[in-house]
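Listed below, chain by chain, are the residues.
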Amino acid sequence: MDNINFDGPVFTVFTAFDSQGALDIPATLKYVDFLLDHEASVLYVMPYNSRYLQLSWDEISLLNTSVIKHVKQNSRAKVIVSAPVECSTINSLKFAEEAFQAGADCFASAFGEKYFTENQVLSHYGALGDLGKPLLVHEQPLISGHNSKQMHWPITLVEKVASLSAVIGFKEDTKSHEFGQMILERDFPAQMIFAGRKSLFAPLLKHGLSSYLNGISIVNPKLAYVFWELAKSGDQEAVNRFVELVDDPFWDGPVKKYGWHRVNKASLEYFGLMPRWDRMPLPHLDADELKDLASFWDIHREVLSDWV
């Protein structure tokens, strides 16, 4: 298998809709071009940021294949696409086969079913691994089939899944510093891509964090590479300054007030990259909320300009 070496930022592909809620593939690919023009080397079409919950399965297939073919025709970047969060293993396999036929470099799958046993999860990823192609495990909290409570993956389960030959990485989505540190210190064969705000995962750099899903750099990929160069330099003071001045105001301001998913699309609209529209039941920011967000960016973009 031609594996991906996850080194630094992995860039989310957001899915565009028009004002009537129709899937807008041209606007989505325009954002893909923006990422490619700014030297994004790994693009990830993933269920939540890419709005799979708002799409039909046919639309997910169209989105996946459209992005794969566009990236491959226009760059040397790697592209990862996903299965729906909640679907059978058989249907996950169908999405995976279609993605690899279109030219995907890696296929991601979250485990969306109720959790009962480790073998249940191993069987799911083992079946996908039988395709002989690279897999990314979207490791979000499990839902117990016994009491419906959220739970972290048992560390023994992470170890077993990470040892599957096809699994090249995990999107680590617990947003727990303690759990993330425990995973990194085990030095599993699969790489870990951490999600969340930088104040959460920046302290994990000293424990071997080697890749992360971009956040504020959705509006300017150069920010992601600035942060990663600081991280690789070992200059913890500079990393902390970046987090404090660039990242924290975004998360403690508009994201805390309106929520990540509404703010990301509205921020893209502010920067002229994509309309903010989403499909219900996910609402978009209204005109007054957008004006409030714009007031933040009018000031904060000046801070960004000091770094890029």
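Structure's up top.
The following paragraphs examine the structure supplied in this document.

Moving on, we get to the overall build of the chain. Within the chain one finds 11 helices and 10 strands. In terms of overall size, the chain behaves like a compact globule, its C-alpha atoms giving a radius of gyration of 19 Å where 308 residues would be expected to give roughly 19 Å. Projected onto the principal axes, the alpha-carbon positions of the chain cover approximately 50 × 45 × 45 Å. Sorting the 308 residues of the chain into buried and exposed places 56% on the buried side. Considering only residue pairs separated by 6 or more positions, the chain has 68% of its internal contacts joining residues 24 or more positions apart. For the chain, the exposed surface amounts to about 13200 Å²; the carbon and sulfur share of it is 49%. The average position of the 28 basic charges and that of the 39 acidic charges among the side chains of the chain differ by 1 Å.

This part covers the nonpolar core. One finds Trp153, Val161 and Phe170 to be the most contacted residues of the largest nonpolar core, which totals 97 residues. Per element, the largest residue contribution to this core is nine residues, and it comes from helix α9 (residues 236-258). Within the second largest apolar cluster, 14 residues are counted, among which are Ile80, Cys106, Ala108 and Ile193.

Definitions and cut-offs
Residues numbered from 1 in each chain as written. Predicted model: local features only at pLDDT ≥ 70, side-chain atom pairs only at ≥ 80, totals over all residues. Heavy atoms only, no water. Helix = DSSP H or I, 4+ residues; strand = E, 2+ residues; numbered from the N terminus. Rg over C-alpha atoms; globule rule 2.2 N^0.38 Å. Buried < 20%, exposed > 50% of the residue type's maximum accessible area, 1.4 Å probe, protein only. Contact = heavy atoms within 4.5 Å. Areas by Shrake-Rupley, 256 points an atom, 1.4 Å probe, with all protein chains shown as cover. Lys, Arg positive; Asp, Glu negative; His and termini not counted. Charge placed at Lys NZ, Arg CZ, Asp CG, Glu CD. Core = buried A, V, L, I, M, F, W, Y, C linked by side-chain atoms within 4.5 Å.

Note that every value here comes from positions in space, so none of it alone points to a role or purpose.
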